[in-house]
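Survey of secondary and tertiary structure
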Amino acid sequence: MTSHADRIPAYQTGTWTIDPVHSDVSFVVRHLGVTRVRGTFDHVEGTIVTHEDPLQSEVTAVIQTTSVNTRNDMRDDHVRTADFLDVETHPEMTFKSTGIREKDDVYLIDGDLTLRGVTRPVTLETEVGGFAPGQQEGSMVVGFSASTEISRSDYGVTGGAAGAAVSDKIKITLDIEAGRS
């Protein structure tokens, strides 16, 4: 019987720091039910701790809500207000894993997402990109892709008057590269 670690090529244990330059946190929301508006959060930091048994590993991440970027300054300014993210009161969104499990060869990272002071459980469907030598001599990196869908109303994100034009469901996608600390 093979272990979970044996099924991940070049798997390594350790503490890994998210590299914000080579990581992407993006989201997609429907506008008026007919088109998708995309955006990113440009500042993310966090730690991944991989254990001998990958299912015992841990993830923590902090995303600066002030870094929201939809490529439209007027929209970004509105998304930062109390109608949406309320960045003055809640400058960060956080994720802390509570468990990892495997289902049909996909890793599911369960955790708590805190947005606007509201914490709710979410599950990130995760693909391990792999472990590889980094650009610096002797360094190592790891990559992951993950996604989830949340309901903005679960977090008190009403959107104010503009809320009627924006879907309640928001798809979040993460492409993370981390270096061993």
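This text goes with the structure placed above it.
Below or above, wherever it landed, is the structure these notes cover. (Residues numbered from 1 in each chain as written. Predicted model: local features only at pLDDT ≥ 70, side-chain atom pairs only at ≥ 80, totals over all residues. Heavy atoms only, no water.)

Points about the overall build of the protein chain
Heads up, the condition is: Working definition: helices are DSSP H or I runs of at least four residues, strands are E runs of at least two. Numbering for both runs from the N terminus. Here the radius of gyration uses the C-alpha set of atoms, whereas the globule reference equals 2.2 Å times the residue count to the power 0.38. The contact criterion used is simple: two residues touch if any of their non-hydrogen atoms lie within 4.5 Å. What sets the accessible areas is the Shrake-Rupley method with a 1.4 Å probe; for residues, cover comes only from the shown protein chains. Here Asp and Glu are counted as negative and Lys and Arg as positive; His is not counted, and neither are the chain ends. A charge is said to be at NZ when it belongs to Lys, at CZ for Arg, at CG for Asp and at CD for Glu.
Looking only at helices and strands, one finds one helix and 11 strands in the protein chain. Counting from the amino terminus, the protein chain carries its helices and strands in the arrangement β-β-β-β-β-β-α-β-β-β-β-β. Its C-alpha atoms give the protein chain a radius of gyration of 17 Å, within 12% of the compact-globule value 16 Å for 181 residues. Considering only contacts within the protein chain whose residues lie at least 6 apart along the sequence, 57% involve residues at least 24 apart. In the form shown here, the protein chain has an accessible surface area of approximately 10000 Å², with 51% of it arising from carbon and sulfur atoms. Charge centroids of the protein chain, computed over 16 positive and 28 negative side chains, lie 8 Å from each other.

Details of unusual backbone geometry
Of note in this structure, R71 is not a glycine but carries a positive phi near 65°. Positive phi, normally seen in glycine, also occurs at D105, with a value near 65°. One can find D105 in the loop between β7 (92–103) and β8 (106–115).

Some thoughts on the layout of surface pockets
Any space left empty among the atoms is revealed by the rolling of a water-sized probe across them. The condition is simple: Grid points spaced at 1 Å and placed over the protein atoms alone form the basis of the search, with a cavity being a set where a 1.4 Å probe fits but cannot get out and a pocket an open set showing protein on both sides within 12 Å along at least five of seven lines. Lining residues have an atom within 4 Å of a point. Grid points are joined across faces, edges and corners, and a volume is the space filled by probe spheres set on the points. Amino acids outside the nonpolar list (Ala, Val, Leu, Ile, Met, Phe, Trp, Tyr, Cys, Pro) and the charged list (Asp, Glu, Lys, Arg) are all regarded as polar, and Gly is one of them.
Quantified by volume, the largest pocket comes out at close to 440 Å³. Lining the largest pocket are 21 residues, and of these F27, V29, V79, F84 and V166 sit closest to its centre. Put simply, the parts of the chain that give the lining of the largest pocket at least two residues each are β2 (24–31), β3 (35–41), α1 (73–79) and β11 (166–180). Its residues placed into classes, the lining of the largest pocket shows 16 nonpolar, three polar and two charged.

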